[in-house]
Amino acid sequence: YFTSFTASRDGGLNMSAVGKDYTSVARQLVAFQEAKDFILMAKISGANAETGKIGNKKFISKTVFNAQLRLDPKIFIKKLNE
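Read on for an overview of the structure. (Residues numbered from 1 in each chain as written. Predicted model: local features only at pLDDT ≥ 70, side-chain atom pairs only at ≥ 80, totals over all residues. Heavy atoms only, no water.)

To continue, consider the sheet that holds strand β3 (residues 39-54). Ordered in space as β1-β2-β4-β3, the 4 strands form an open sheet in which the pairing is antiparallel. The sheet terminates laterally at β1 (2-7) and β3, the two strands that pair on one side only. The mean angle between the axes of side-by-side strands here comes to 10°, regardless of whether they run parallel or antiparallel. Of the strand pairs in this sheet, β3 and strand β4 (residues 57-71) are connected by 13 bridges, and their pairing is antiparallel. (Pairing = 2+ DSSP bridges. Helix = DSSP H or I, 4+ residues; strand = E, 2+ residues; numbered from the N terminus. Axes fitted to C-alpha atoms, helices over the stretch in contact; angles between N-to-C directions.)

Okay, structure coming up:
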């Protein structure tokens, strides 16, 4: 899930998010990359796993990460001659 976001006028979108594990972070990146009709660039940074422990077993309780997107400006503004 996404916890916060900031957007810029030029189509930049930065989001903080929480995933189940590194696999879920990778799957989110692939989903962004496959949305070529409105996402021009997608990048994930700062993925950090938070771990827990039950008995002797460690587990990833969640993974916090940041996503940076560049959205196609055409989804916001349509030029009159298009």
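Further remarks concern the environment of A31. With respect to the secondary-structure elements, A31 resides in helix α1 (residues 22-34). Given the relative accessible area of 38%, A31 is considered partly exposed. Sequence spacing of A31 and M41 is 10 residues, and the spatial spacing of their C-alpha atoms is 12 Å. (Buried < 20%, exposed > 50% of the residue type's maximum accessible area, 1.4 Å probe, protein only.)

So, on to the nonpolar core. Among the nonpolar cores identified, the biggest contains 12 residues, and these are L13, M15, A17, V25, F32, A35, I39, A42, F65, A67, L69 and L71. The biggest single contributor to this core is β4, with 4 residues. (Core = buried A, V, L, I, M, F, W, Y, C linked by side-chain atoms within 4.5 Å.)

With that settled, the discussion passes to α1. The terminal C-alpha atoms of α1, which comprises 13 residues, lie 19 Å apart, in line with the 18 Å expected from a rise of 1.5 Å per residue. Where α1 begins, one side-chain oxygen reaches toward the backbone nitrogen of T23, 3.2 Å away; that side chain belongs to D21. (Expected span 1.5 Å × (residues − 1). Polar contact = N/O pair within 3.5 Å; in protein donor to acceptor, adjacent residues only side chain to side chain.)

Take the pattern of salt bridges next. Under the counting rule described, the total for this entry stands at 2 salt bridges. One salt bridge in this structure joins R70 and D10, with 3.0 Å as the shortest N-O distance. Residue R70 is located in strand β4, and its partner D10 is located in the loop between β1 and β2 (12-19); the two are separated by 60 residues in the primary sequence. Looking at R70, the relative accessible area reads 31%, which means it is partly exposed. Notably, a salt bridge pairs K62 with E50, separated by 3.8 Å at the nearest N-O pair. Taken together, the residues K62 in strand β4 and E50 in strand β3 connect sequence positions 12 residues apart. (Salt bridge = Lys/Arg side-chain N within 4 Å of Asp/Glu carboxyl O.)

Take a nonpolar patch on the surface next. Taken together, the side chains of F38, I75 and F76 define a hydrophobic patch exposed on the protein surface, amounting to about 300 Å² of accessible area. By the element assignment, F38 lies in the loop between α1 and β3. Residue F38 is classed as partly exposed on the basis of its relative accessible area, which comes to 34%. (Patch = residues over 30% accessible without salt bridge, like charges linked within 9 Å, V, L, I, M, F, W, Y side chains within 5 Å. Areas by Shrake-Rupley, 256 points an atom, 1.4 Å probe, with all protein chains shown as cover.)

Another point: the pairing of β1. Each regular strand shows side chains that alternate between the opposite faces of the sheet. Strand direction decides the pairing type here: β1 and β2, joined by 5 bridges, are antiparallel. Along β2, the bridge assignment pairs F5 with M15.

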